[in-house]
Amino acid sequence: MGGWREGIWYWSNLGISVDFLENGGTRELFCALKERLEGFEGWKEGKDVVTWQDNLSPTFSVASCYNFYENFCIPLGPNNKCDEAFGLLWKMDVPLKIKAFGWRLFLNKLTTKDLLVNRGISLSHDDLLCILYGSCMEDRNHFFFSCSVVKRIWREMAIWVGKKENREEGCLANFMEWHSYFEGNKVRHRKEGIVWLATTEG
């Protein structure tokens, strides 16, 4: 590529073979490129640094990277009321491992029995049934929200905090229902989903 000589950088053949340069017109293009490189002075001052151009600050952050890629997403219809659930979860004032549990639950990545089968683990029909009641196959929505045993737990939690019983049995919708209830009751900011996380994680 090139090298330093007495404090001055000299370009060589840039790794291009002589045989290739002998092809018609290639040498002229190469000489023009080399001339442009040698005429560029900015690189001789200071060391190279890496900067993150998509942020107001040159410092990289995960949030700025997420926003950068989110701009490429094409919405497939009107906004869903559950779209903000992930953002609300990560902003909650709870330990990181609890947020990680909620995030995996949102994405349906917990090891419920239906997912074990999808991953190639062989289970008998009886082993596929819900461990709490044994009447339906265990999946995320059944195990955490629609099982009759779990419904009693949610009912008791609702009575305890003065909320009506759950109307939503889908994971994200259920979270938003509880979050909206506590938000409407002036629960401290970033604490609105604690009861929901405690009930599902417990």
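Just so it is clear, the structure is predicted and the values come from calculations on it, not from any experiment.

Undergrad: Let's hear about the side chain of Glu192: which residues, and what values?
TA: Mapped onto the elements of the fold, Glu192 is located in the loop between α10 (171-184) and α11 (194-201). We note that Glu192 is buried and unpaired, the nearest opposite charge coming from Arg190 at a distance of 7.6 Å. In this structure the side chain of Glu192 is engaged in a polar contact, spanning 3.0 Å, whose partner is the backbone nitrogen of Arg190. Excluding its chain neighbours within four sequence positions, the residues that come into contact with Glu192 are Trp178, His179, Phe182, Glu183 and Val187.

Undergrad: Could you give me a rundown of the pattern of salt bridges, with the residues and numbers involved?
TA: Scanning the model with the defined rule gives two salt bridges in all. Of the charged contacts, one joins Asp93 and Lys191 as a salt bridge, the two residues approaching to 3.3 Å between their closest N and O atoms. Note that Asp93 is positioned in the loop between α4 (85-91) and α5 (96-106) and Lys191 in the loop between α10 and α11, a separation of 98 residues in sequence. Relative accessible area serves as the criterion here: at 22%, Lys191 is assigned to the partly exposed category. Between Lys163 and Glu177 there is a salt bridge whose closest N-O contact spans 2.7 Å. Of this pair, Lys163 sits in the loop between α9 (148-161) and α10 while Glu177 is found in helix α10, placing the two residues 14 residues apart along the sequence. Neither residue differs from the other here; Lys163 and Glu177 are each classed as buried.

Undergrad: Talk me through the environment of Tyr133; I want residue IDs and the actual numbers.
TA: By the secondary structure assignment, Tyr133 is in the loop between α7 (125-128) and α8 (140-146). Under the relative-accessibility criterion, Tyr133 is labelled exposed at 53%. Non-local contacts of Tyr133, meaning those with residues more than four positions away in its chain, are made with Cys147, Ser148 and Val149.

Quick notes on the rules
- Residues numbered from 1 in each chain as written.
- Predicted model: local features only at pLDDT ≥ 70, side-chain atom pairs only at ≥ 80, totals over all residues.
- Heavy atoms only, no water.
- Helix = DSSP H or I, 4+ residues; strand = E, 2+ residues; numbered from the N terminus.
- Buried < 20%, exposed > 50% of the residue type's maximum accessible area, 1.4 Å probe, protein only.
- Lys, Arg positive; Asp, Glu negative; His and termini not counted.
- Salt bridge = Lys/Arg side-chain N within 4 Å of Asp/Glu carboxyl O.
- Polar contact = N/O pair within 3.5 Å; in protein donor to acceptor, adjacent residues only side chain to side chain.
- Contact = heavy atoms within 4.5 Å.

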